[in-house]
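# Reading the structure
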Amino acid sequence: MFLLWVCVSTPLVFAGSYLGFRAEKTDVPTKTNQIARFIPEQPFYADVPFTCLFGGILPFGSVCIELFFIMSALWLHQYFYMMGFLMAVLFILVATCSMVSIVMCYLQLCGEDHRWWWKSFWNCATAGVYLFLYSLWFLSSKLDLVGTLPIAVYLTYMSMISIAFGMLCGSVGFLSCLAFCQRIYGAVKVD
């Protein structure tokens with residue numbers, strides 16, 4: 001384990017820091033003020049818990065059927081043959097996360113709320129919460145685990161998978177919102 005850390009992780013850290021410091025900085029298309037702008041009162045459906053609740057259900061819904069087959073292959077020892085369909089579902093997931101995040105960001109910017117960075121991430125990242133809830137349903141209805149140790153192992157693995165899935169969806173949502181905002185504010189003519 002130590003050899004793996006020394007030979008793989010450490011060189012990758014140094015290579016990443018070298019490439020990160022040499023990368024060009026992200027240009028903002030417009031000039032920002034030093035004083036933050038006043039944000040008017042937002043309606044209840046524009047609050048973070050509400051947008052996250054409905055923003056995460058669409059990316060999860062786009063992969064819900066495929067998740068049943070993947071989890072059956074993982075936990076019920078069934079064969080999974082549909083790798084090409086899995087790639088198509090991954091493209092659908094990326095497109096869904098991108099569109100949901102851009103629409104939510106546009107609605108937020110129309111309400112004069114300029115704090116879109118973390119909201120764009122969390123709107124799609126809550127799909128990981130839905131995945132964990134789905135894994136709890138899968139545990140209670142499909143699996144016949146006996147004892148606390150197999151249940152603890154299952155919940156640990158599924159929580160790690162849910163966190164990774166949420167990070168993937170949130171990253172896609174944030175990067176698509178960043179490109180969207182750079183594009184729309186780059187088109188603004190400032191006199």
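Check the entry above for the structure.
Let me sum up the structure you'll find in this document.

About the criteria used
Residues numbered from 1 in each chain as written. Predicted model: local features only at pLDDT ≥ 70, side-chain atom pairs only at ≥ 80, totals over all residues. Heavy atoms only, no water. Helix = DSSP H or I, 4+ residues; strand = E, 2+ residues; numbered from the N terminus. Rg over C-alpha atoms; globule rule 2.2 N^0.38 Å. Buried < 20%, exposed > 50% of the residue type's maximum accessible area, 1.4 Å probe, protein only. Contact = heavy atoms within 4.5 Å. Areas by Shrake-Rupley, 256 points an atom, 1.4 Å probe, with all protein chains shown as cover. Lys, Arg positive; Asp, Glu negative; His and termini not counted. Charge placed at Lys NZ, Arg CZ, Asp CG, Glu CD. Expected span 1.5 Å × (residues − 1). Phe/Tyr/Trp six-rings, centres within 6.5 Å; stacked < 30°, edge-to-face > 60°. Axes fitted to C-alpha atoms, helices over the stretch in contact; angles between N-to-C directions. Parallel < 35°, antiparallel > 145°, perpendicular 65-115°, else oblique. Left-handed = near helix turned anticlockwise from the far one by under 90°. Nonpolar A, V, L, I, M, F, W, Y, C, P; charged D, E, K, R; others polar. Salt bridge = Lys/Arg side-chain N within 4 Å of Asp/Glu carboxyl O.

### Description of the overall build of the protein
Scanning the protein from N- to C-terminus turns up seven helices and zero strands. Its C-alpha atoms give the protein a radius of gyration of 21 Å, clearly above 16 Å, the size a compact globule of 191 residues would have. Taken along the three principal axes of its C-alpha coordinates, the protein extends 70 × 45 × 35 Å. Here the protein holds 191 residues, and the buried ones make up 30% of them. Within the protein, contacts between residues at least 6 apart in sequence are counted, and of these 78% link residues at least 24 apart. Here the protein has roughly 13600 Å² of accessible surface; of this, 72% comes from carbon and sulfur atoms. Mean positive and mean negative side-chain charge positions of the protein (9 and 9 charges, respectively) differ by 8 Å.

### Quick look at helix 4 (residues 83-110)
In this model, helix 4 (28 residues) spans 40 Å end to end at C-alpha, consistent with the 40 Å of a helix rising 1.5 Å per residue. Of all the positions in helix 4, only Val-89, Leu-93, Thr-96, Cys-97, Ser-98, Val-100, Ser-101, Ile-102, Met-104, Cys-105, Gln-108 and Leu-109 are classed as buried. Its buried side turned inward, helix 4 meets helix 2 (48-55), helix 3 (57-75), helix 5 (117-125) and helix 7 (148-186). Of the residues trailing helix 4, Glu-112 is marked for its positive phi of about 65°.

### Examining the packing of aromatic side chains
All told, the structure shown has 14 aromatic pairs when counted by the stated rule. On the numbers, 6.0 Å between centres and 20° between planes, the contact of Trp-116 with Phe-174 is stacked. Here Trp-116, found in the loop between helix 4 and helix 5, pairs with Phe-174, found in helix 7; they are 58 residues apart in sequence, far enough to count as distant. Residue classification places Trp-116 among the buried residues on the basis of a relative accessible area of 7%. Members of the aromatic cluster, each reached through a chain of ring pairs, are Phe-60, Tyr-130, Tyr-134 and Trp-137.

### Observations concerning the packing of helix 4 against helix 7
Helix 7 packs onto helix 4 with a crossing angle of 50° between their chain directions and a minimal axis gap of 8 Å. Relative to helix 7, the element helix 4 is oriented oblique. Pair helix 4 / helix 7 crosses with right-handed handedness. Across the interface between the two elements, Leu-93, Val-94, Cys-97, Ser-98, Ser-101, Ile-102, Cys-105, Tyr-106 and Leu-109 from helix 4 touch Phe-165, Leu-168, Cys-169, Val-172, Gly-173, Phe-174, Ser-176, Cys-177, Phe-180, Cys-181, Ile-184 and Tyr-185 from helix 7. Residue composition of the contact of helix 4 with helix 7, grouped by class: 17 nonpolar, four polar and no charged.

### Observations regarding the pattern of salt bridges
Opposite charge on two side chains allows them to pair when their charged atoms are near. Taken as a whole and judged by the stated rule, the model has two salt bridges. Ionic pairing is found between Asp-113 and Arg-115, a salt bridge with its closest N-O pair at 3.2 Å. Overall, the relative accessible area of 2% leaves Asp-113 in the buried class. One continuous salt-bridge network, built from bridges that share partners, spans Asp-113, Arg-115 and Lys-119.

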